[in-house]
Amino acid sequence: MSAFDDLFAANAEFAKEFGSSDLTGRAARGLGVVTCMDSRIDPLGLLGLKPGDAKILRNAGARVTDDVLRTLVVGVYVLGVERVLVMPHTDCGMTKVTDADIHDLTAERGVDTRSLDFHTVPDQWAALRHDLTRIRTSPFLPTGMPVTGAIYDVRSGRLSPVDY
Ligand SMILES: [Zn+2]
């Protein structure tokens, strides 16, 4: 019995119904979504999307990091992304801690994380403005590509557009 048996068993059932797929790896709806790893977020469901429609980029806090920019470059030039939605959410754990808090927590377990930047979020609006600007002004992404932000409410399921 491994820690993953439940998943492989579930997949065996999933694959029975799956048939075969003709989808390609291109984003059929031309969309890239940057959102948080929060387990309450169902990006496809809340946006009316289905597999194949969009590139979903997730990390702690929905931050536009160097790796997110790298992935957006691939998404845009290789995989059909033509617009980007940055979607943080209410009650985000990354708004409740500082980088120093995380360093302290890991230090209690004997791990030194001070060389990592966790991109914690003291001000969600400021962070979103920063992250949208980072995409819009990236020299690697097309000028004028539609980029917008919206905050997802994990209690109501509603998305509030925020356009800076
Ligand atoms: Zn979050």
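Relevant structure appears above.
Since we're looking at a predicted model, the values are computed, not measured. Along each chain, numbering runs from 1 in the same order as the chain's sequence is written. Whole-chain, interface and lining totals are the exception, using all residues; otherwise, since this is a predicted model, local features are given only for residues with pLDDT of at least 70 and side-chain atom pairs are given and counted only at 80 or more. Processing note: side-chain calculations cover all non-hydrogen atoms of the structure and skip hydrogens and water entirely.

Peer 1: Whenever I open this one, a nonpolar patch on the surface confuses me. Can you help?
Peer 2: Where nonpolar side chains cluster on the molecular surface, the patch consists of Phe-4, Leu-7 and Phe-8 and spans about 360 Å² of accessible area. The topology assignment puts Phe-8 in helix α1 (residues 5-18). By relative accessible area, which is 60% here, Phe-8 ends up exposed. Only residues whose relative accessible area exceeds 30% and that form no salt bridge are eligible for patches; like-charged ones are grouped when within 9 Å, while nonpolar side chains (Val, Leu, Ile, Met, Phe, Trp, Tyr) are grouped when within 5 Å. What sets the accessible areas is the Shrake-Rupley method with a 1.4 Å probe; for residues, cover comes only from the shown protein chains. Salt bridges are counted wherever a side-chain nitrogen of Lys or Arg sits within 4 Å of a carboxyl oxygen of Asp or Glu. Helix and strand assignments follow DSSP, with helices taken as H or I runs no shorter than four residues and strands as E runs no shorter than two, numbered in order from the N terminus. For every residue, the accessible area (1.4 Å probe, protein chains only) is compared with the maximum for its type, and the residue is labelled buried under 20%, exposed over 50%, or partly exposed between those bounds.

Peer 1: Is there a simple way to explain the pairing of strand β1 (residues 31-36) in this structure?
Peer 2: When a strand is regular, its side chains alternate between the sheet's two faces. Counting buried residues along β1, 6 of its 6 residues qualify, which places the element largely inside the surrounding structure. Paired strands, as defined in this entry, are two strands with at least two bridges between them according to DSSP. Judged from the 6 bridges that link them, β1 and strand β2 (residues 54-59) form a sheet pairing that is parallel. When the sheet's bridge partners are listed, Val-33 is paired in β2 with Ile-56.

Peer 1: Looking at this structure, how should I read the coordination of the zinc ion?
Peer 2: Tetrahedral metal sites with four donors have an ideal angle of 109.5 degrees; octahedral sites with six donors have ideal angles of 90 or 180 degrees. The protein atoms donating to the zinc ion are Cys-36 (SG), His-89 (NE2) and Cys-92 (SG), with metal-donor distances spanning 2.0 to 2.3 Å. Only nitrogen, oxygen and sulfur atoms qualify as donors, and only when within 2.8 Å of the metal (3.2 Å in the case of Na, K and Ca); with water excluded, sites may look incomplete. Within one chain, the residues serving as donors to the zinc ion are arranged as C-x52-H-x2-C. One end of the pair, Cys-36, is in strand β1; the other, His-89, is in the loop between β3 (83-87) and α4 (99-108), and 53 residues separate them in sequence.

Peer 1: Explain the sheet that holds β1 here, please?
Peer 2: Within a sheet, each strand pairs with its neighbour through backbone hydrogen bonds, oriented either parallel or antiparallel. Across the sheet, 5 strands lie side by side as β2-β1-β3-β4-β5; this open sheet has mixed pairing. Sheet topology places β2 and β5 (159-162) at the edges, where each strand pairs with a single neighbour. Between one strand axis and the next, the sheet turns by 25° as a mean value, whatever way the strands run. Where strand β4 (residues 147-152) meets β5, 4 bridges bridge the pair, whose relative direction is antiparallel. Across the sheet, Ala-150 pairs through a bridge with Pro-161, a residue of β5. Geometry is summarised by axes, namely lines fitted to C-alpha atoms with helices restricted to the contacting stretch, and by angles between N-to-C directions that run from 0 to 180 degrees.

Peer 1: When you look at α4 in this model, what are you seeing that I'm missing?
Peer 2: An α-helix turns once per 3.6 residues; consequently, residues spaced three or four apart project the same way. Turning to α4, its buried residues number three or more, namely Asp-99, Ile-102, His-103 and Thr-106. Buried residues in α4, looked at end-on, bunch into an arc of 100°, giving them a common side. Residues of α4 that are exposed and angled more than 90 degrees away from the buried face: Leu-105 and Glu-108. At the C-terminal side of α4, Gly-110 shows a positive phi close to 80°. The arc in question is the one spanned by the directions pointing from the helix axis to the C-beta atoms.

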